[in-house]
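Structural features, examined
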Amino acid sequence: TDIAPSLLPRPRRLLLLLNPFGGRGLALQWCQTHVLPMITEADISFNLIQTERPNHARELVKGINVAEWDGIVAVSGDGLLYEVLNGLMERPDWKQAIKIPVGILPSGSGNALAGAINCNAGLEQVLGLELLLNCALLLCHAAVTPLDLVAVTTASGARCFSCLSVAWGFISDVDIESEKYRHMGAARFTLGTLVRLASMHTYRGRLSYLPAADATAHRPISRSITVAPNGRLPLQRLPLHRALSDMGLCEERHAFWGAEPAPVPCPSPGSPPPSSASILPPPSFSFEPGPGELPAGGAGEARVGGPPDELLVPLGQPVPGSWVTVEDDFVLVLAIYQSHLGADLFAAPFARFDDGLIHLCFIKAGISRAALVRLFLAMEKGSHFEQECPHLVHVPVRAFRLEPLTRKGILTVDGERVEYGPIQGQVHRGLARLITG
Ligand code: ADP
Ligand code: MG
């Protein structure tokens, strides 16, 4: 008897969305020469669409018939995948639409999610074309993992869905200022870091969070680390180290960056709330929402689709009593939910795609430039928490609110700049699905 054609496995159909201007603009070339032959070989059928402008991908996925596709893949940096996820969440049928597997073929300058996928697969940390090839191979394997999304609300009441991080201070400054070195690819962050280190800023702010009761803050685990003959970690391979070395700063970096100040003790993340939000001074930041921009029923109410943020109250109201609030001067605040901040920045080694956690990491003012450089150098290997730097704090949380008290600064969501002012977010566990291979 004949087998009905509908019972035969059909080739997977992927919608590839390619940003021709991501990173160094090599996406199309690399895709044609390396990726398309590989996925054709794997019997995957695809449509390749080049984006023509920002938000093009977002509009495209709002209009597609999701039943026609087995996955949507961003051939780009993290920015285009952000558009895809938000486009899906803006659909009336977001509940089904967001379940379509999404993937990434890294060819931008910010490839954090690809770095996390590569690491999750147990592959050695690589950059550029090597990372693209690894991810293309994993894409052919087709395994899918639930992916946490964080609903982020900004002062105007706008809500978006983030899959990587919210950053303020050093990291967002580097990310945005280094846009002008885009032609350098990933090296733009190295140069940006150097420029920023030369004028390290601190930012005053109020950081509130709902601790994840069942998760523990990262405790350094003793791991065998090969120490160079000079007693320091072998850093020669690291890009930042290389750049410092080229500038003649490396050997004498302690002398150059100045002596270490006495460590400032900081409260352990598990300690009881230092104060309730109600006795703190009112925010000096004004954020009058425009007409129609705030939801009728508070931040907990879903606006343009998506699940309600039941852990959040509107930004104008004090955080719930179960939250912890810290008011301090920060070098950086980073709410990160994936292991990588860039393809070679293993910022949160403990993070998992679907752990349901926001890993709130912050560095307090008072850290020396030398110590900051050491943290960033160690981040390539993910060993920065092992340095037990008293200025670096990690707290696993379910929700957070950041209220900048310094008037000027840069906030980013998944590496893209957003309006500056109070911002808050809560995690929605496993809301999306990621092709991890
Ligand atoms: P990179 O990692 O280099 O920043 P991304 O893929 O993150 O690369 O893209 C950066 C930004 O480019 C995204 O915010 C996206 O909206 C925008 N973009 C997408 N397509 C285009 C296009 N055709 N022209 C200009 N910008 C685009
Ligand atoms: Mg980007």
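Above: the structure in question.
The text that follows walks through the structure, step by step, so that each part is easy to find. (Residues numbered from 1 in each chain as written. Chains lettered and ligands numbered in written order. Predicted model: local features only at pLDDT ≥ 70, side-chain atom pairs only at ≥ 80, totals over all residues. Heavy atoms only, no water.)

For the structure on display, the rule yields 5 aromatic pairs. Both rings, one in phenylalanine 170 and one in phenylalanine 376, keep their centres 5.2 Å apart while their planes meet at 50°; by these two values the pair is tilted. Of this pair, phenylalanine 170 sits in helix H7 (residues 170–177) while phenylalanine 376 sits in helix H11 (residues 369–379), placing them 206 residues apart in sequence. For the pair phenylalanine 330 and phenylalanine 362, a centre-to-centre distance of 5.5 Å together with 85° between the ring planes defines the contact as edge-to-face. Taken together, the positions of phenylalanine 330 in strand S9 (residues 324–336) and phenylalanine 362 in strand S10 (residues 358–364) put the pair 32 residues apart, joining distant regions of the chain. Here phenylalanine 330 and phenylalanine 362 have matching classes, each one buried. Three or more aromatic residues link up through ring pairs in this structure, and these residues are Trp168, Tyr203, Phe330 and Phe362. (Phe/Tyr/Trp six-rings, centres within 6.5 Å; stacked < 30°, edge-to-face > 60°. Helix = DSSP H or I, 4+ residues; strand = E, 2+ residues; numbered from the N terminus. Buried < 20%, exposed > 50% of the residue type's maximum accessible area, 1.4 Å probe, protein only.)

Turning our attention to empty space enclosed by the protein. The final tally for this structure, using the stated rule, is 2 cavities of 30 Å³ or more. Taken as a whole, the largest cavity spans an internal volume of roughly 100 Å³. Around the largest cavity, the lining residues are Ile171, Leu332, Leu334, Ala347, Cys361, Ile363, Leu375, Met379, His384, Phe385 and Leu392. Elements with a contribution of two residues or more to the lining of the largest cavity: S9, S10 and H11. Among the residues forming the lining of the largest cavity, the class breakdown is 10 nonpolar, 1 polar and no charged. Within this model, the second largest cavity holds a volume of roughly 30 Å³. Lining the second largest cavity, in full, are Ile104, Ile117, Cys135, Leu138, Leu139, Ile435, Thr436 and Gly437. Of the residues assigned to the lining of the second largest cavity, the class counts are 6 nonpolar, 2 polar and no charged. (1 Å grid on protein atoms, 1.4 Å probe; cavity = no way out; pocket = protein on both sides within 12 Å on 5 of 7 lines; lining within 4 Å. Points joined across faces, edges and corners; volume = space filled by probe spheres on them. Nonpolar A, V, L, I, M, F, W, Y, C, P; charged D, E, K, R; others polar.)

This paragraph deals with the site of ligand 1. Taken together, 19 residues surround ligand 1, and among them Gly23, Thr51, Gly79, Glu83 and Arg182 come closest. A distance of 2.2 Å separates an oxygen atom of ligand 1 from a polar side-chain atom of glutamate 83. Within the contact set of ligand 1, an oxygen atom lies 2.9 Å away from a backbone nitrogen or oxygen of glycine 110. Taking 570 Å² as the accessible area of ligand 1 by itself, protein coverage stands at 85%. Its residues assigned to classes, the shell around ligand 1 comprises 3 nonpolar, 10 polar and 6 charged. (Near = heavy atom within 4 Å. Polar contact = N/O pair within 3.5 Å; in protein donor to acceptor, adjacent residues only side chain to side chain. Areas by Shrake-Rupley, 256 points an atom, 1.4 Å probe, with all protein chains shown as cover.)

The next point concerns the packing of helix H2 (residues 56–63) against helix H3 (residues 78–89). Relative orientation and spacing of two packed helices are given, respectively, by the angle between their axes and the distance between those axes. Interaxial distance between H2 and H3 falls to 8 Å at its minimum, and their mutual angle equals 35°. Read as a crossing pair, H2 and H3 show a hand that is right-handed. Here His56, Ala57, Arg58, Val61 and Lys62 of H2 come into contact with H3, specifically with Leu80, Tyr82, Glu83, Val84, Asn86, Gly87 and Leu88. In the contact of H2 with H3, the residues fall into 6 nonpolar, 3 polar and 3 charged. (Axes fitted to C-alpha atoms, helices over the stretch in contact; angles between N-to-C directions. Left-handed = near helix turned anticlockwise from the far one by under 90°. Contact = heavy atoms within 4.5 Å.)

This part covers helix H6 (residues 128–141). The end-to-end C-alpha separation of H6 is 20 Å, in line with the 20 Å expected for 14 residues at 1.5 Å each. With its phi angle positive at about 75°, alanine 142 sits one or two positions after the end of H6. (Expected span 1.5 Å × (residues − 1).)

Another point: the pairing of strand S11 (residues 392–404). Counting buried positions over the 13 residues of S11 gives 13, a clear majority of the element. Both S10 and S11 contribute to a ladder of 6 bridges, which runs antiparallel. Residue pairing for S11: phenylalanine 362 is matched across the bridge by valine 393. As paired elements, S11 and strand S14 (residues 423–435) share 4 bridges and run antiparallel to each other. In the sheet register, phenylalanine 400 faces S14, and the bridge partner there is glycine 425. (Pairing = 2+ DSSP bridges.)

Grouped together as the largest cluster of nonpolar side chains are 59 residues, with contacts concentrated most on Ile72, Leu88, Leu105 and Leu149. The residues contacting leucine 88, other than those within four sequence positions of it, are Val61, Val66, Ile72, Trp94, Ala97, Ile98, Ile100 and Val102. (Core = buried A, V, L, I, M, F, W, Y, C linked by side-chain atoms within 4.5 Å.)

With that settled, consider the packing of helix H1 (residues 27–41) against H6. Where H1 meets H6, the closest approach of the two axes is 9 Å, and the angle between their N-to-C directions is 25°. Regarding the angle of H1 to H6, the classification is roughly parallel. The element H1 and its partner H6 pack so that their crossing is right-handed. The segment H1 lies against H6, with Trp30, His34, Val35, Met38 and Ile39 engaging Gly128, Leu129, Leu132, Leu133, Ala136, Leu137, Leu139 and Cys140. A class-by-class count of the residues in the contact of H1 with H6 yields 11 nonpolar, 2 polar and no charged. (Parallel < 35°, antiparallel > 145°, perpendicular 65-115°, else oblique.)

Let us look at the side chain of aspartate 173. By secondary structure assignment, the location of aspartate 173 is in helix H7. Overall, the relative accessible area of 2% leaves aspartate 173 in the buried class. Ignoring sequence-local partners within four residues, the contact set of aspartate 173 consists of Ser178, Arg196, Tyr203 and Ile410.

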